[in-house]
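# What the coordinates show
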2 protein chains.
Amino acid sequence: MARILVVEDEPSIQELISVTLTRTGHDPLRAPDAETALRLLQAELPDLVLLDWMLPGQSGIDLARRLRGDERTRGVPIIMLTARGDEQSKVTGLETGADDYVTKPFSPRELAARIKAVLRRQKPQATEDPVEIDGLRLDPATHRVTARGAAVVLGPTEFRLLHFFMTHAERVHSRAQLLDSVWGDHVFVEERTVDVHIRRLRGALEASGHDALIQTVRGSGYRLSCQKE
Amino acid sequence: MARILVVEDEPSIQELISVTLTRTGHDPLRAPDAETALRLLQAELPDLVLLDWMLPGQSGIDLARRLRGDERTRGVPIIMLTARGDEQSKVTGLETGADDYVTKPFSPRELAARIKAVLRRQKPQATEDPVEIDGLRLDPATHRVTARGAAVVLGPTEFRLLHFFMTHAERVHSRAQLLDSVWGDHVFVEERTVDVHIRRLRGALEASGHDALIQTVRGSGYRLSCQKE
DNA sequence: TTCCGTTGTCACTAAACCGTCACCCTACTG
DNA sequence: CAGTAGGGTGACGGTTTAGTGACAACGGAA
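Each value, and the rule that gives it
- Residues numbered from 1 in each chain as written.
- Chains lettered and ligands numbered in written order.
- Predicted model: local features only at pLDDT ≥ 70, side-chain atom pairs only at ≥ 80, totals over all residues.
- Heavy atoms only, no water.
- UniProt positions renumbered as here; feature names shortened; annotations may be inferred.
- Axes fitted to C-alpha atoms, helices over the stretch in contact; angles between N-to-C directions.
- Helix = DSSP H or I, 4+ residues; strand = E, 2+ residues; numbered from the N terminus.
- Parallel < 35°, antiparallel > 145°, perpendicular 65-115°, else oblique.
- Contact = heavy atoms within 4.5 Å.
- Nonpolar A, V, L, I, M, F, W, Y, C, P; charged D, E, K, R; others polar.
- pLDDT = per-residue confidence, 0-100.
- Pairing = 2+ DSSP bridges.
- Buried < 20%, exposed > 50% of the residue type's maximum accessible area, 1.4 Å probe, protein only.
- Near = heavy atom within 4 Å.
- Polar contact = N/O pair within 3.5 Å; in protein donor to acceptor, adjacent residues only side chain to side chain.
- Left-handed = near helix turned anticlockwise from the far one by under 90°.
- Lys, Arg positive; Asp, Glu negative; His and termini not counted.
- Salt bridge = Lys/Arg side-chain N within 4 Å of Asp/Glu carboxyl O.

Per an unreviewed UniProt entry, chain A goes by Phosphate regulon transcriptional regulatory protein PhoB and derives from Methyloversatilis universalis. Comment text from UniProt for chain A, heading Function (unreviewed entry), reads "This protein is a positive regulator for the phosphate regulon. Transcription of this operon is positively regulated by PhoB and PhoR when phosphate is limited." Per UniProt, chain A carries the Subcellular location (unreviewed entry) text "Cytoplasm".

With that settled, consider the packing of helix α7 (residues 175-183) of chain A against helix α8 (residues 192-207) of chain A. Helix-helix packing: each pair is described by the crossing angle between the helix axes and the interaxial distance. Residues and elements named next belong to chain A. Running from amino to carboxyl end, α7 crosses α8 at an angle of 70°, the nearest separation of the two axes being 9 Å. Judged by the angle between their axes, α7 and α8 are roughly perpendicular. Side by side, α7 and α8 meet where Arg-175, Leu-178, Leu-179 and Trp-183 of the first sit next to Thr-193, Val-194, Asp-195 and His-197 of the second. Counted by class, the contact of α7 with α8 contains 4 nonpolar, 2 polar and 2 charged residues.

Our next topic: the confidence of the model for chain A. A low pLDDT means the predicted coordinates there should not be read in detail. Taken as a whole, chain A shows an average pLDDT of 83; of its residues, 86% reach a score of 70 or greater. Below pLDDT 50 for its whole length, residues 87-93 of chain A participates in 13 contacts with residues either more than four positions away or in separate chains.

Turning our eyes to something else, we now look at the sheet that holds strand β8 (residues 144-147) of chain A. Sheet strands associate in pairs through backbone hydrogen bonding, adopting either a parallel or an antiparallel arrangement. All names here are of chain A. Strand order in this open sheet of 4 strands is β6-β7-β8-β9, and the pairing throughout is antiparallel. Edge positions in the open sheet fall to β6 (131-133) and β9 (150-152), since each of these has one partner strand only. Sheet twist, expressed as the mean angle between neighbouring strand axes with direction ignored, is 25°. Across 3 bridges, β6 lies against strand β7 (residues 136-139) in antiparallel orientation. When the sheet's bridge partners are listed, Ile-133 is paired in β7 with Leu-136. Packed onto the sheet, helix α6 (residues 156-167) meets β6, β7 and β8 and runs at close to 115° relative to β7.

Attention shifts here to the sheet that holds strand β12 (residues 221-224) of chain B. All names here are of chain B. Read across the sheet, 3 strands follow the order β10-β12-β11 without closing on themselves; strand pairing throughout is antiparallel. A strand with exactly one partner marks an edge of an open sheet, and here the two such strands are β10 (172-173) and β11 (214-217). Both β10 and β12 contribute to a ladder of 2 bridges, which runs antiparallel. Across the sheet, residue Val-172 finds its bridge partner in β12, namely Arg-223. Seen against the sheet, helix α6 (residues 156-167) touches β10, β11 and β12 and runs at an angle of roughly 70° to β12.

Residue and element names in this part refer to chain B. A positive phi angle, near 50°, is found at Arg-148, a position not held by glycine. Backbone geometry places Glu-170, a non-glycine residue, at a positive phi of 70°. Following the sequence through the fold, Glu-170 ends up in the loop between α6 and β10. Given the relative accessible area of 16%, Glu-170 is considered buried.

What follows concerns the protein's contact with DNA strand D. Looking at DNA strand D, there are 22 residues lining it, with Arg199(A), Thr216(A), Arg199(B), Thr216(B) and Tyr222(B) nearest. For DNA strand D, the backbone portion of the atoms within 4 Å of the protein, that is sugar and phosphate, comes to 66%. With respect to DNA strand D, the side chain of Thr216(A) contributes an N or O atom lying 2.6 Å from a phosphate oxygen. One of the side-chain nitrogen or oxygen atoms of Tyr222(A) is found 2.7 Å away from a phosphate oxygen of DNA strand D. Among the elements of the structure, α8 and β11 (214-217) of chain A together with α8 (192-207) of chain B are those that each provide at least two residues to the surface near DNA strand D. Residues that form the surface near DNA strand D fall into these classes: 3 nonpolar, 5 polar and 14 charged.

Let's shift gears to the packing of α6(A) against α7(A). Residues and elements named next belong to chain A. Two numbers describe how α6 lies on α7: the axes approach to 10 Å, and their chain directions differ by 110°. When the interaxial angle is binned, α6 and α7 end up roughly perpendicular. Like other packed secondary-structure pairs, α6 and α7 cross with a definite hand, here right-handed. On the side of α6, the interface is formed by Thr-157, Arg-160, Leu-161, Phe-164 and Phe-165, while α7 contributes Leu-178, Ser-181, Val-182 and Trp-183. For the contact of α6 with α7, the residue count by class is 6 nonpolar, 2 polar and 1 charged.

As a further point, take the side chain of Glu158(A). Mapped onto the elements of the fold, Glu158(A) is located in helix α6. Here Glu158(A) occupies a buried position and makes no salt bridge, while the nearest side chain of opposite charge, Arg200(A), is found at 4.6 Å.

Attention now goes to the environment of Leu29(A). When you line up the elements, Leu29(A) lands in strand β2 (residues 27-31). Among all residues touching Leu29(A), those that are not within four sequence positions of it are Ile4(A), Leu5(A), Val6(A) and Glu44(A).

Quick look at the pattern of salt bridges now. This model, assessed by the stated rule, comprises 10 salt bridges over all chains. Glu170(B) is the salt-bridge partner of Arg144(A), the closest N and O atoms lying 2.5 Å from each other. Residue Arg144(A) is located in strand β8, and its partner Glu170(B) is located in the loop between α6 and β10; the two belong to separate chains. One network of salt bridges, with partners in common, ties together Arg175(A), Arg192(A) and Asp195(A).

So this is what it looks like as structure tokens:
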């Protein structure tokens, strides 16, 4: 789900963290010290950095400051791992811009929760504006679809599919494009699966009096069109 | 941008907060204790109060209760500053009416984010006004819920949950959002726990003749809706 | 202290949903 | 007009997600 750089010198804790991350669907990058961390950061930017306070050589706080100073890495959120106690250094240290901190010892659950919270805070939420085409109305906020007032019941996938069509109307989308945009680019499903969902979506729409809203373009894909032909 | 009253006795933290506020375009009013705070509040109402949990003399929670008790200051949102680990105080505090919590030590970035969130959240709703939907009435001031006159008995959590739903009706809320808004951002609770409380809330409502008020949106979360389907 | 209310979590059940296939139909090709 | 490829369609496990009852931990009240 998210790439997370774990900067931690103690192997057992490193291991514990990595296992926790994997189990919660994340992708840990390991670094035992600041130098390794910086090298890894050259290659690719992670979605989050878990940073031990005490590190051999360059300390965690130095690394944090450095990350904040660099334009490229400035946006990457940081969670600090600190030992219990030592309050005042925390305050000054967190001033450098860590987004959260976890005191050792910590429970895997707590760690997971904090990571989730920080990541959630980080990412902007999707477009929530209602869309309306030809009397058909879809509202992401309320997760409702109505056809001239009458409710249309859709499954989650059909909902996303319709949302995509309505925000990209009049254009032909190949099955591959639809899989990318509606299912997500990483999943592997048969292209024909799209057909089935199109079918289900059509069924739901026709039940509400919207015929031929979604048209087939033979050899290319599908299209949502308001103008009848 | 916004006037913010900072009630904090520790000078270094007071300083840190004030600097942060100024930097994020706000206007800090400083008070080292509850008495000073009250005096400042006489003069003018701030847009938000940042309140330390532990204060010399009158404690933060006392002050919060007092602010909530006074008609004039009731609408002003409060963010509490608490020491880490004091989970219980969060719950008590939420009942007194704090809008959010920040645990010390905190990062300026986090504080800024919370303030922004609370100010944004505050705008559309007056938290303390009674809400009524479809014959169901909830009064935050008296902490009472009635369904067409008949009393509905709810636990504290179910009450907050229902309150949130009623002040954000028709919208779909994910379990994570509900945990954020009803439980508080930094409480570590399984997402499925929401389900259980939804169930309890539904049970109580159905006992009072309100069926299907809270709807499940599969894959997304829950929604309070007056319009049946 | 004991009792009671509340809460978070779990295990289990029920239901919805998804992806896939097989088969059929249609439209284009020569 | 037959052949072929692409699309429509119904059905069927398997998986995911939500509903539900039970239970232990906890704090506050008695």
